[in-house]
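# Summary of structural features
Listed below, chain by chain, are the residues.
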Amino acid sequence: MIPLIKTFLPPKEVLMPELEKVLYSGYIAQGDAVDRFESKVADFLGSPHCLSVNSGSSALHIALLLAGVEKGDEVISTPLTAEPTNTVIKQTGANIVWADIDLDTGNICPKDVEKKITGKTKAIVIVDYAGVPTNIKKFQEIENKYNIPIIEDAAHAFGASFNGEKLGSHFNFTVFSFQAIKHLTTVDGGVLCLKSNELFEKAKLIRWFGIDKSLTRKENNIEVQGYKYHMNNVNATIGLVQLRYMKEVISKYIENGKYYDQWLADIPRLELLDYYEKTEPSYWLYTVKVEDKPSFIRVLNEKGIAVSDLHKRNDMHAIFRDSKSHLPNLDEYEKSWVHIPCGWWIEKEHREYIVNTIKQGW
Ligand SMILES: Cc1ncc(COP(=O)(O)O)c(C=O)c1O
């Protein structure tokens, strides 16, 4: 079966000596490797400040706290995402207000977001679903017009860009996840990219129990609630080695995605996404909209191609039942959206086989 997702790891002979070195270095907690990883990620993304953490969920939580989100506030979000985007909002005690999606991309719709803004809205969470950047231009306008912080959950979109600049610096907060199946994995981990140096300094405190690492324990006087969210030197070392391969790995996703954009156009009963102007996806998953989705999935699976819609719309989980909302575009999209394999492991012969199989019909 050609898989839909697959973990990329550097060759054993490159990664293992580095891992061995750090494991027996006597310093496996947060230290020099973490500092170097943060600075290399910031360079890679062109982002002013990158705070490494132990997961994308931790990065989202810190962003929500820095945005001032508290119990009883409202946070606008999308149900078309992986669950942590929204379980973490719940964790703050805030109420989630669902916005509908754009039918062209499946991404959160700026017009609907604007309709849902109230005096209680403390933050807006947008997700570059499947690696396709959201309507960044419109959301930047919304962030400025209403002075409500936008948290970009770019967990699926490492290496995607807008206006020729990689995601990571377009909003006050951008979050990436480095869990097992993302473009870059550190086994588990994440980063929070921030524009403001002041918030970066606060974020460092929240990441580690509220303790200021530049002072001794005796000099510290904890004033903010912090958590154990830091990355350690072992995960950071994996990340540092991964970064050497990332340009090449991400370009494989993009090359395959562009191949499908070209060769799956004009196929009856199948529609492609229509990306926003000046955006380049990093195609974590390749999404198509098809008529008779169950049959499409079955036929391709029978031909050895893993195909699925992967995520459950989050508003259907019982935990989010209080946020019920009318989302007609998502209702429509759900009938047809599906993902096909597109990542670094897809070679030329695979993608040709996938296109030819689809062309034969379902
Ligand atoms: C869109 C999205 N947001 C957030 C997360 C949370 O990331 P992590 O698993 O690193 O906590 C994930 C990962 O599953 C994700 O896919």
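This text goes with the structure placed above it.
Residues numbered from 1 in each chain as written. Predicted model: local features only at pLDDT ≥ 70, side-chain atom pairs only at ≥ 80, totals over all residues. Heavy atoms only, no water.

## What to know about the nonpolar core
Across soluble globular proteins, nonpolar side chains have a tendency to be buried as a group. Threshold: Throughout this description, the term nonpolar core refers to a set of buried Ala, Val, Leu, Ile, Met, Phe, Trp, Tyr and Cys residues connected via side-chain atoms within 4.5 Å. Whether a residue is buried, partly exposed or exposed follows from its accessible area with a 1.4 Å probe, protein chains only, as a fraction of its type maximum: under 20%, in between, or over 50%, in that order. A run of DSSP states H or I qualifies as a helix once it reaches four residues; a run of E qualifies as a strand once it reaches two. Both are numbered from the N-terminal end. The contact definition used throughout considers only heavy atoms, calling two residues in contact when any of these lie within 4.5 Å.
Within the largest apolar cluster, 120 residues are counted, with the highest numbers of intra-cluster contacts made by Ile151, Leu192, Tyr260, Leu264, Phe296, Ile340 and Ile358. Among the elements that take part in this core, helix 8 (residues 233-263) stands out by supplying 14 residues, more than any other. Other than its neighbours up to four places away in sequence, phenylalanine 296 contacts Leu270, Val288, Val290, Val307, Val338, Ile340, Ile358 and Trp362.

## What to know about the site of the ligand
Under the convention used in this document: In this text, near means that some heavy atom of the residue lies within 4 Å of the molecule or strand in question. For this analysis, a polar contact is any N or O atom pair within 3.5 Å, provided that within protein one partner can donate a hydrogen and the other can accept it, and provided that sequence-adjacent residues contribute only side-chain to side-chain pairs. Per-residue accessibility takes into account occlusion by the displayed protein chains alone, with areas from the Shrake-Rupley method and a 1.4 Å probe. Under the convention adopted here, Pro, Cys and the residues Ala, Val, Leu, Ile, Met, Phe, Trp and Tyr are nonpolar, Asp, Glu, Lys and Arg are charged, and Gly plus all remaining residues are polar.
Near the ligand there are 15 residues, and of these Gly56, Ser57, Asp153, His156 and Ser177 occur at the shortest range. Between the ligand and serine 57, the relevant distance is 2.6 Å, taken from an oxygen atom to a side-chain nitrogen or oxygen of the residue. In isolation the ligand offers 380 Å² of accessible surface; the protein chains occlude 89% of this area. Mapped by element, the contributors of at least two residues to the shell around the ligand are helix 3 (56-66) and helix 4 (84-91). With three residues, the top contributor of residues to the shell around the ligand is helix 3. Looking at side-chain class alone, the shell around the ligand contains four nonpolar, nine polar and two charged residues.

## Looking at the pattern of salt bridges
Pairing is possible between side chains that carry opposite charge, provided their charged atoms lie close to one another. Put simply, the rule reads: Between Lys or Arg on one side and Asp or Glu on the other, a salt bridge is scored when a side-chain nitrogen of the former is within 4 Å of a carboxyl oxygen of the latter.
As enumerated under the stated definition, the model contains 20 salt bridges in all. Arginine 313 is the partner of aspartate 315 in a salt bridge, and the nearest nitrogen-oxygen pair spans 2.7 Å. Residue classification places aspartate 315 among the buried residues on the basis of a relative accessible area of 8%. Among the residues examined, arginine 313 registers a relative accessible area of 4% and is labelled buried. A salt bridge links arginine 313 to glutamate 334, with the shortest nitrogen-to-oxygen separation between them at 3.2 Å. With arginine 313 in the loop between helix 9 (293-302) and helix 10 (328-334) and glutamate 334 in helix 10, this pair connects stretches of sequence that are 21 residues apart. Overlapping salt bridges bring together Arg313, Asp315, Asp331 and Glu334 as one network.

## Side note on helix 7 (residues 197-207)
To be explicit about the condition: Here the arc refers to the set of directions running from the helix axis out to each C-beta atom.
By the burial criterion, the buried members of helix 7 are Leu199, Phe200, Ala203, Ile206 and Arg207. Angular distribution of buried residues about the axis of helix 7 spans 120°; they occupy a single face of the element. Buried residues belonging to helix 7 abut helix 2 (32-45), strand 1 (49-53), helix 3, strand 8 (173-177) and strand 9 (190-194).

## Looking at the pairing of strand 13 (residues 337-340)
Rules: Two strands pair under a simple rule: DSSP has to find at least two bridges between them.
Residue alternation in strand 13 divides its side chains into two sets, Trp337 and His339 and Val338 and Ile340, and both sets are buried. Across four bridges, strand 12 (residues 286-290) lies against strand 13 in antiparallel orientation. Bridge pairing links valine 288 to valine 338 in strand 13.

## What to know about the packing of helix 2 against helix 8
Applied cut-off: Axis definition: a line fitted to C-alpha atoms, limited for helices to the stretch in contact. Angles are taken between N-to-C directions and run from 0 to 180 degrees. Relative orientations are named as follows: roughly parallel for angles under 35 degrees, roughly antiparallel for angles over 145 degrees, roughly perpendicular for angles from 65 to 115 degrees, and oblique for any other angle. Here a crossing is called left-handed whenever its near helix is offset anticlockwise from the far helix by less than a right angle, and right-handed whenever the offset is clockwise.
Remark: helix 2 packs on helix 8, axes separated minimally by 7 Å, with the N-to-C direction vectors making an angle of 25°. Comparing their axes, helix 8 and helix 2 come out roughly parallel. Here helix 2 and helix 8 pass one another in a crossing that is left-handed. Residue-level inspection shows Asp32, Ala33, Val34, Arg36, Phe37, Lys40, Val41 and Phe44 of helix 2 in contact with helix 8, the latter providing Asn233, Ala236, Thr237, Gly239, Leu240, Leu243, Met246, Lys247 and Ile250. Within the contact of helix 2 with helix 8, the residues separate by chemical class into ten nonpolar, three polar and four charged.

## Regarding the state of the cysteines
By definition, a disulfide links the sulfur atoms of two cysteine residues through a covalent bond. Applied cut-off: Any two cysteine sulfur atoms within 2.5 Å of one another count as a disulfide.
Per the stated rule, a full pass over the model turns up zero disulfides. Just so you know, cysteine 50 is unpaired, no disulfide at all, and the nearest cysteine sulfur is the one on cysteine 193, 3.6 Å from it. Judged by its relative accessible area of 4%, cysteine 50 is buried.

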